[in-house]
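Observations on the model geometry
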Amino acid sequence: MSAATMGPPAAPRAHAPLPALGARDRRRRVVSRVMLTLTGVAAALTVVPLLLIFFHLMRAGLGSLNPDFFTHVPAPVGETGGGVGNGVLGTFILVVLAGLMGLPVAIGAGIYLAEAEGGRLPNAIRFVTDVMNGIPSIVIGIFVWAWVVVSTGGFSAMAGGVALAIMLLPMVTRTTEEMVRLVPRELKEGALALGFTRWRTTLGVVLPAARSGILTGVLVALARIAGETAPLLFTAFGNPFWSAKLNEPIAALPVQIFQYAISPYEEQHAQAWAASLLLIALVLAMSLTARFLIRSPYRSR
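An account of the accompanying structure is given in this report. (Residues numbered from 1 in each chain as written. Predicted model: local features only at pLDDT ≥ 70, side-chain atom pairs only at ≥ 80, totals over all residues. Heavy atoms only, no water.)

**What to know about a nonpolar patch on the surface**
The grouping of Phe127, Val128, Val131, Ile135, Ile138, Val139 and Ile142 at the surface amounts to a nonpolar patch, some 580 Å² of accessible area in total. At the level of elements, helix H5 (120-133) and helix H6 (137-152) are the ones that each hand at least two residues to the nonpolar patch. Along the chain, Val128 turns up in helix H5. (Patch = residues over 30% accessible without salt bridge, like charges linked within 9 Å, V, L, I, M, F, W, Y side chains within 5 Å. Areas by Shrake-Rupley, 256 points an atom, 1.4 Å probe, with all protein chains shown as cover. Salt bridge = Lys/Arg side-chain N within 4 Å of Asp/Glu carboxyl O. Helix = DSSP H or I, 4+ residues; strand = E, 2+ residues; numbered from the N terminus.)

And the structure:
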């Protein structure tokens, strides 16, 4: 057909005007905006206490931070100076002990719970770990005191490590279970189809896929136990001198903060604020490391 017989092109059709919003739609929009505002306020309120704590610690404790604070032991009562170097060392030793004793058991238990299809034993383990998550830390300290301190005849770093390891178990167990469950089933089935045994599939396929999530849970758990005070009062007890022996009382930052806080001397109060700032900084560093580990590898840089 020629262009002459086709005639002029048809004019574009005008779009019909959108209908006006009814009362119900306007109400839904208002409710949506109000709820978004409330959730934003709630998110801000969760951050404000942390910022207030951090800024107060900066104001009260920053003036006491100096090289001697990190390298010296506490000064005698009533004298100025001194530091918490032994507390930093003791906290590091206690956290390492707790990790060495608790992490293999917790990660192994989490893998077992994730791979188990069900049954009485897995359900019983889940119930016990959930109950342990709710036990007050001071109760764990009293239990370890009766179980370890009394039987060995004295307070020790080993007893403190045992108490912190018990606190570590339920947190890492449940985190490991959830992270392993998030691994796609297709990965497991593909490895099994290639002839891998079940244990080799778990160690060679499942664990590498869940590694970042498990490491995140481990760091968060270590950060939590690093600030525990109550169980260490009954187990490690504290030590005003340098000590790295596992069969003797050992210093710890949380214990020193508690002892300085109840002291009548202003110098020790100032050092308690500084030690609190140091402890918060350590926990914040571990939390930021955990956030770095769980970042998505596909996120735009």
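Back to the write-up after that little detour.
**Observations concerning the pattern of salt bridges**
A complete count under the given rule lists seven salt bridges for this structure. When the shortest N-O distance is used, the salt bridge between Glu177 and Arg181 registers 3.3 Å. Of this pair, Glu177 and Arg181 both sit in helix H7 (residues 157-181), four residues apart, roughly one helical turn. Since its relative accessible area comes to 2%, Glu177 is described here as buried. We classify Arg181 as partly exposed; its relative accessible area is 41%. (Buried < 20%, exposed > 50% of the residue type's maximum accessible area, 1.4 Å probe, protein only.)

**Focus: the layout of surface pockets**
Estimated volume of the largest pocket: approximately 320 Å³. If you trace the largest pocket, you find 15 residues lining it, with Ala114, Glu115, Glu117, Arg185 and Lys188 closest to the centre. Contributions of two or more residues to the lining of the largest pocket are made by helix H4 (85-115), H7, helix H8 (185-193) and helix H9 (198-226). Of the residues contributing to the lining of the largest pocket, the split by class is six nonpolar, two polar and seven charged. Volume-wise, the second largest pocket comes out at about 260 Å³. Forming the boundary of the second largest pocket are 15 residues, of which Pro74, Asn239, Pro240, Gln259 and Tyr260 lie nearest the centre. Residue contributions to the lining of the second largest pocket peak at four residues, all from helix H11 (residues 253-261). Taken together, the residues that form the lining of the second largest pocket break down as ten nonpolar, five polar and no charged. (1 Å grid on protein atoms, 1.4 Å probe; cavity = no way out; pocket = protein on both sides within 12 Å on 5 of 7 lines; lining within 4 Å. Points joined across faces, edges and corners; volume = space filled by probe spheres on them. Nonpolar A, V, L, I, M, F, W, Y, C, P; charged D, E, K, R; others polar.)

**Side note on H7**
Helix length check: H7, at 25 residues, gives a terminal C-alpha distance of 36 Å against a target of 36 Å (1.5 Å per residue), a fit within 8%. Along H7, the largest kink reaches about 30 degrees and is centred on Leu168; proline Pro170 follows within four residues of it. Among the 25 residues of H7, 18 are classified as buried, and the element is accordingly described as predominantly covered. (Expected span 1.5 Å × (residues − 1). Bend = angle between axes of the 7 residues up to and from the residue.)

**Some remarks on empty space enclosed by the protein**
What the rule picks out here adds up to one cavity of 30 Å³ or more. A volume near 30 Å³ is recorded for the largest cavity. Among the elements that take part in the lining of the largest cavity, helix H12 (residues 266-293) stands out by supplying three residues, more than any other. Tallied by class, the residues present in the lining of the largest cavity amount to three nonpolar, three polar and two charged.

**As for the packing of H4 against H9**
Running from N to C, H4 and H9 cross one another at 140 degrees; their axes reach a closest spacing of 10 Å. If you check the angle between H4 and H9, you find them oblique. The interaxial crossing formed by H4 with H9 has right-handed handedness. The residues of H9 that touch H4, namely those facing Thr91, Val95, Ala98, Leu103, Ile107, Ile111 and Glu115, are Arg198, Thr202, Val206, Leu207, Ile214, Val218, Leu222, Ile225 and Ala226. Among the residues making up the contact of H4 with H9, the classes are represented as twelve nonpolar, two polar and two charged. (Axes fitted to C-alpha atoms, helices over the stretch in contact; angles between N-to-C directions. Parallel < 35°, antiparallel > 145°, perpendicular 65-115°, else oblique. Left-handed = near helix turned anticlockwise from the far one by under 90°. Contact = heavy atoms within 4.5 Å.)

**With respect to the packing of H5 against H7**
At a closest axis distance of 9 Å, the pairing of H5 and H7 adopts a crossing angle of 130 degrees. As judged from the angle between their axes, H5 and H7 are oblique. As H5 packs across H7, the resulting crossing turns out to be left-handed. Only Ile166, Leu169, Pro170, Met171, Thr173, Arg174, Glu177 and Arg181 of H7 make contact with H5, whose side of the interface consists of Arg126, Thr129, Asp130, Met132 and Asn133.

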